[in-house]
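Read off the chains here:
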Amino acid sequence: MTDLTHLTITEALNGLENKDFTSVELTQAHIDAMADAKHLNAYVTETPERALEQAQQSDKRRSEGKAGILDGIPLAIKDLFCTDGVQTTASSHILEGFVPTYESTVSGNLLRDGAVMLGKTSLDEFAMGSSNTTSYFGDVINPWKNKNRPDANLVPGGSSGGSASAVAARIAMGATGTDTGGSIRQPASFCGITGIKPTYGRCSRWGVVAFASSLDQAGPMARTIEDCALMLKSMAGHDPKDSTSAPKDVPDFTAGLTDDIKGLRIGIPKEYRMEGMSEEIDKLWEQGIAWLKDAGAEIVDISLPHTKYALPAYYIIAPAEASSNLARYDGVRYGLRVCDDGDNLIDMYEKTRAEGFGDEVKRRIMIGTYVLSAGYYDAYYVKAQKIRRLIAQDFTNAYEQCDVILTPTAPSEAFAIGENEEDPLTMYLNDVYTVSINLAGLPGLSIPAGLSKNGLPLGLQLVGKSWDEATILKVGQHIEKAANFTALPAIRTQKAA
Ligand code: GLN
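Residues numbered from 1 in each chain as written. Predicted model: local features only at pLDDT ≥ 70, side-chain atom pairs only at ≥ 80, totals over all residues. Heavy atoms only, no water.

1. Quick word on the packing of aromatic side chains
Taken as a whole and assessed by the stated rule, the structure comprises 16 aromatic pairs. Each ring, one from Tyr-329 and one from Phe-357, has its centre 6.4 Å from the other, and the planes form 85°; the classification is edge-to-face. Linking Tyr-329 in the loop between α9 (310-325) and α10 (345-356) with Phe-357 in the loop between α10 and α11 (359-372), this pair joins segments that are 28 residues apart in sequence. Pairing Tyr-376 with Tyr-380 gives two aromatic rings, centres 6.0 Å apart and planes at 45°, and the pair type is tilted. The exposure class of Tyr-376 is partly exposed, given its relative accessible area of 36%. The partly exposed category is assigned to Tyr-380, whose relative accessible area is 32%. (Phe/Tyr/Trp six-rings, centres within 6.5 Å; stacked < 30°, edge-to-face > 60°. Helix = DSSP H or I, 4+ residues; strand = E, 2+ residues; numbered from the N terminus. Buried < 20%, exposed > 50% of the residue type's maximum accessible area, 1.4 Å probe, protein only.)

2. Some remarks on the site of the ligand
The full set close to the ligand counts 15 residues, and Thr-180, Gly-181, Ser-183, Tyr-314 and Arg-364 are the nearest of them. Taking Gly-182, its main chain carries an N or O atom lying 3.3 Å from an oxygen atom of the ligand. In this structure, Tyr-315 approaches the ligand through a side-chain N or O atom, which is 3.4 Å from an oxygen atom. Notes on the ligand: free accessible area 290 Å², of which the protein chains cover 100%. Across the shell around the ligand, the residue classes tally to 5 nonpolar, 7 polar and 3 charged. (Near = heavy atom within 4 Å. Polar contact = N/O pair within 3.5 Å; in protein donor to acceptor, adjacent residues only side chain to side chain. Areas by Shrake-Rupley, 256 points an atom, 1.4 Å probe, with all protein chains shown as cover. Nonpolar A, V, L, I, M, F, W, Y, C, P; charged D, E, K, R; others polar.)

3. Here's the deal with helix α15 (residues 469-483)
Residues three or four positions apart in an α-helix share a direction because the helix packs 3.6 residues into each turn. For α15, built from 15 residues, the straight-helix expectation of 21 Å at 1.5 Å per residue is met to within 8% by its first-to-last C-alpha distance of 20 Å. Of all 15 residues that make up α15, 11 are buried, and the element is covered over most of its length. Turning to α15, its buried residues are Glu-469, Thr-471, Ile-472, Leu-473, Lys-474, Val-475, Gly-476, Gln-477, His-478, Ile-479 and Ala-483. (Expected span 1.5 Å × (residues − 1).)

4. So, the pattern of salt bridges
A complete count under the given rule lists 20 salt bridges for this structure. For Lys-60, the salt bridge identified is with Glu-64, shortest N-O distance 3.4 Å. Relative accessible area serves as the criterion here: at 40%, Glu-64 is assigned to the partly exposed category. Here Lys-465 ties to Asp-403 by a salt bridge, and the two come within 3.7 Å at their closest N and O atoms. On the criterion of sequence distance, the pair formed by Lys-465 in the loop between β11 (457-464) and α15 and Asp-403 in the loop between α12 (377-398) and β9 (404-408) is long-range, its members being 62 residues apart. Among the residues examined, Lys-465 registers a relative accessible area of 28% and is labelled partly exposed. Residues participating in the shared-partner salt-bridge network are Lys-60, Glu-64 and Lys-66. (Salt bridge = Lys/Arg side-chain N within 4 Å of Asp/Glu carboxyl O.)

Structure (structure tokens):
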């Protein structure tokens, strides 16, 4: 039998339906691959027994003709989604040992549709980061290797680095991610997979550990556009338990994948052609433009004039919301408590938070508290909110001239673990092409479009109008076909050899 872990979700669903293999076999193949790929450290918690049990139930459902749209498909869940009875850490020491008694709406939707959960994937602590090197449970390694520096371990990107690494290494067929400023799209780009951040409000945030509530959005990460479309259909939908979840019908995203993009207007924002942009990224972007033009799309130059303010505004708004959201970790309600004999309550709070949070999380809490403090609120927080409005308006204006926007996903290929760490600002630059989209609440996806000269994946980003995931998925599938990205990460080519 061919290695089942190499199938796409869609292929696996056909195989299950044709009785070529069972979900138990498919799940076991992934559990075996996970054991071989332990060094990637993609999972914080693996749940093989539970997975096999779910797979057995799935096989039973299928034999009774009751299979759901993802029945029997082994997936990974980012460890930011609360999972009933399974430890949920947000990759933080402060949540170590926290076992929710409820299931997040999004992971619950996937289970409802028959998905099998292989385990919980690592992330930057509380989803703050772009490299998955701030997890309390250690660095996650990208399965790809820089062919000119074969000894270096590379970052998978972040914060959904565990999910991206797992999907790329074929130790999950798909995974959930969350994206506050780029955390689905940038790791997807670094690991050569596809990921979509839906419109804000498309997926429920209920049961997802909050980072910055006005920006956080869950989305799928998988190896093809079609697989992402399928997962998104399951994950999305109105949830009365989340007041920011929108009462919108969920379209059949897979049915909309028609590949006909004739006449579509593709906007190319001139402000994204940044100074110092690498020649490779520029070439990739040009190639993307050429593919779409060849398919009959119309290329339109557009302007998003407030782009240069997006990063500074994001790095005020996101920490402000984080400092408020993270106030709940007090040593009483969740996970860790540090309490020596004779301590008073305040002492216990301080010791728990000092020990429980890592450096990056503390940095954000301090920035957030500062920009929200009485003397600085107007100067920083209110100003950032005004800029956010202008950024959103830029997109509204641009969409009078175009239907979809095409940009690179990230300014670089995957870098080595330890690089870019001396200065947090260099790390923040990773989000330069992605944060505006969160500030404006728009849908965006990343699709692998080529390899760098170091043999590493590079992604292109498509940004859509609000609620128009269908069009970016359609254009994304066109790029997918044109790019024909078939390269495999080192770990899998070695195995196949
Ligand atoms: N890298 C960005 C940050 O550190 C985005 C993170 C995210 O999207 N969760 O804030």
